[in-house]
Amino acid sequence: MPPQPQPQPPQHHPYAYAQPTMPSIPLGGGYGPMGMPPGAPPTGSGGGGGGKGWLWGLGGAVVASAVWAGVLFATGGFEDETKADLAGYRYWTNLCTPTDTQPFEDAGYEQKDESGSTSTSSSNPQHSSSENAALDSMTCNVDFEPSGSSSSDYSSVWLYTTASLHKKTNPGPEFEAQYRSYEDQKTSAYSYEVRPVSGLGDEAYVVKQNNSSSSNTGAYVILAVRDGWMTYQSTWSQYVSSSSSASAKTPEEATELLKKSAGATLEKMKE
């Protein structure tokens, strides 16, 4: 059975830029009924004292407003001018196009042939994409099998790749935490190990699932990369039946294949 997609990490929340407190205006500087300042003389009145109080209240409000506007401009309150650092990556309607599968083919795998199927939902590979002013999302799902395998020799490898271009929010501060959270997901059957990976983007992590079973019937590995405001994840999910003549890649072997594929794929995504 194809692996069920893992729950995606929660979406990033924009930074909460703290805004200064609105400067307080003395009560005497406020406006009363009919839009007139308290104590203002009736229209046409020659009372000088009330006129000065009205001018003083109005002047205080104007000064306070000017100060507030200056603070907003200084802190970027009117508009966040932070530019998204997409590191040269661009949006692809079909992420399978730049996804490099050569490392897997060199390791003895080939894409399953779905050409005889009449259902478009079973096409291989599958892709989807969504372009938005705040976030571009892309996916590619490839179903592999060992080269030369027969229908009775069941062994399947799924390579599920996603990439996102974050146009409004910097994913950096939360990126590591998203994948470190896997370390808290454990049962009596499995647990996860997370470690950093060098040589890919600004930061990268590999998530390896450890199974309590000693049999080599499968492997589940996630490789996550952040480069600027672009995030990338490729997931290797393999299952080998006990009757199959093929053997599953170890998590270490799968990690190396994912790293090779990611390095070439990320370069192609900039073209």
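Residues numbered from 1 in each chain as written. Predicted model: local features only at pLDDT ≥ 70, side-chain atom pairs only at ≥ 80, totals over all residues. Heavy atoms only, no water.

Draft legend 1. Here's a closer look at the overall build of the protein. Across its full length, the protein holds 4 helices and 8 strands. Secondary structure elements of the protein, listed N to C terminal, follow the sequence α-α-β-β-β-β-α-β-β-β-β-α. Per-residue burial over the protein gives 36% buried out of 271 residues. A fraction of 64% describes how many contacts in the protein between residues 6 or more apart in sequence connect residues 24 or more apart. (Helix = DSSP H or I, 4+ residues; strand = E, 2+ residues; numbered from the N terminus. Buried < 20%, exposed > 50% of the residue type's maximum accessible area, 1.4 Å probe, protein only. Contact = heavy atoms within 4.5 Å.)

Draft legend 2. Highlighting the pattern of salt bridges. The tally for this structure, following the rule as stated, stands at 11 salt bridges. Put simply, glutamate 183 and arginine 180 hold a salt bridge, and the shortest N to O gap is 3.3 Å. A residue is classified by how much of its surface remains accessible, and arginine 180, at 26% relative accessible area, is partly exposed. The salt bridge involving glutamate 256 is made with lysine 259; its shortest N-O contact spans 3.6 Å. Here glutamate 256 pairs with lysine 259, and both are found in helix H4 (residues 251-268), just 3 residues apart, close to one helical turn. We classify glutamate 256 as partly exposed; its relative accessible area is 40%. (Salt bridge = Lys/Arg side-chain N within 4 Å of Asp/Glu carboxyl O.)

Draft legend 3. Quick peek at H4. Relative to the 26 Å expected for 18 residues at 1.5 Å per residue, H4 spans 25 Å between its end C-alpha atoms, a close match to the ideal helical length. When we look at burial in H4, the residues that qualify are Pro251, Ala254, Thr255, Leu257, Leu258, Ser261, Ala262, Thr265 and Leu266. One face of H4 carries all of its buried residues, which in axial projection span an arc of 160°. Looking at the buried residues of H4, the elements they touch are helix H2 (102-106), strand E4 (155-166), strand E5 (190-196), strand E6 (203-211), strand E7 (218-227) and strand E8 (230-240). (Expected span 1.5 Å × (residues − 1). Arc of directions from axis to C-beta.)

Draft legend 4. Just the nonpolar core, in detail. Membership of the largest hydrophobic core comes to 32 residues, with the highest contact counts inside it found for Met138, Trp236 and Met269. Residue assignment for this core shows that the elements contributing at least two residues are strand E3 (135-146), E4, E6, E7, E8 and H4. Of all the elements, H4 adds the most residues to this core, at 5 residues. Residues contacting tryptophan 236, with those up to four places away along its chain left out, are Phe104, Tyr109, Val157, Trp158, Ala219, Tyr220, Val221, Lys249, Ala254, Leu257 and Leu258. Counting 10 residues, the second largest nonpolar core, distinct from the first, contains Tyr182, Tyr192, Val194 and Val207. (Core = buried A, V, L, I, M, F, W, Y, C linked by side-chain atoms within 4.5 Å.)

Draft legend 5. Expanded view of unusual backbone geometry. For the peptide bond that leads from asparagine 124 to proline 125, omega is 0°, which places it in the cis range. Note that proline 125 resides in the loop between strand E1 (109-111) and strand E2 (126-130). At alanine 87, a position not held by glycine, the phi torsion is positive, near 55°.

Draft legend 6. Fine view of the packing of aromatic side chains. Following the criterion strictly, the structure yields 8 aromatic pairs and no others. Taking the centre distance of 5.7 Å and the plane angle of 25° together, the rings of phenylalanine 104 and tryptophan 236 count as stacked. With a gap of 132 residues between them, phenylalanine 104 in helix H2 and tryptophan 236 in strand E8 connect regions that are remote in the sequence. Comparing phenylalanine 104 with tryptophan 236 shows no difference in burial state: the two are buried. Taking the centre distance of 6.2 Å and the plane angle of 45° together, the rings of phenylalanine 175 and tyrosine 205 count as tilted. (Phe/Tyr/Trp six-rings, centres within 6.5 Å; stacked < 30°, edge-to-face > 60°.)

Draft legend 7. Geometry of the pairing of E3. Of all 12 residues in E3, 10 are buried; the element is thus mostly enclosed. In this sheet, E3 lies alongside E1 in antiparallel orientation, the contact comprising 3 bridges. Bridge assignment links glutamine 111 to a residue of E3, and that residue is phenylalanine 144. Between E2 and E3, which pair antiparallel one after the other, the connecting turn spans 4 residues. By the bridge criterion, 10 bridges tie E3 to E4 in an arrangement that is antiparallel. (Pairing = 2+ DSSP bridges.)

Draft legend 8. Up close: the state of the cysteines. Under the defined criterion, the tally for this structure stands at 1 disulfide. For cysteine 96, the disulfide goes to cysteine 140, at an S-S distance of 2.1 Å. Because the sign of the S-S torsion sets the handedness, a value of about 110° for the bond joining cysteine 96 and cysteine 140 places this disulfide among the right-handed ones. Separated by 44 residues along the polypeptide, cysteine 96 in the loop between helix H1 (48-75) and H2 and cysteine 140 in strand E3 bring together distant segments of the chain. This pair shows no difference in class: cysteine 96 is buried, exactly as cysteine 140 is. (Disulfide = S-S within 2.5 Å.)

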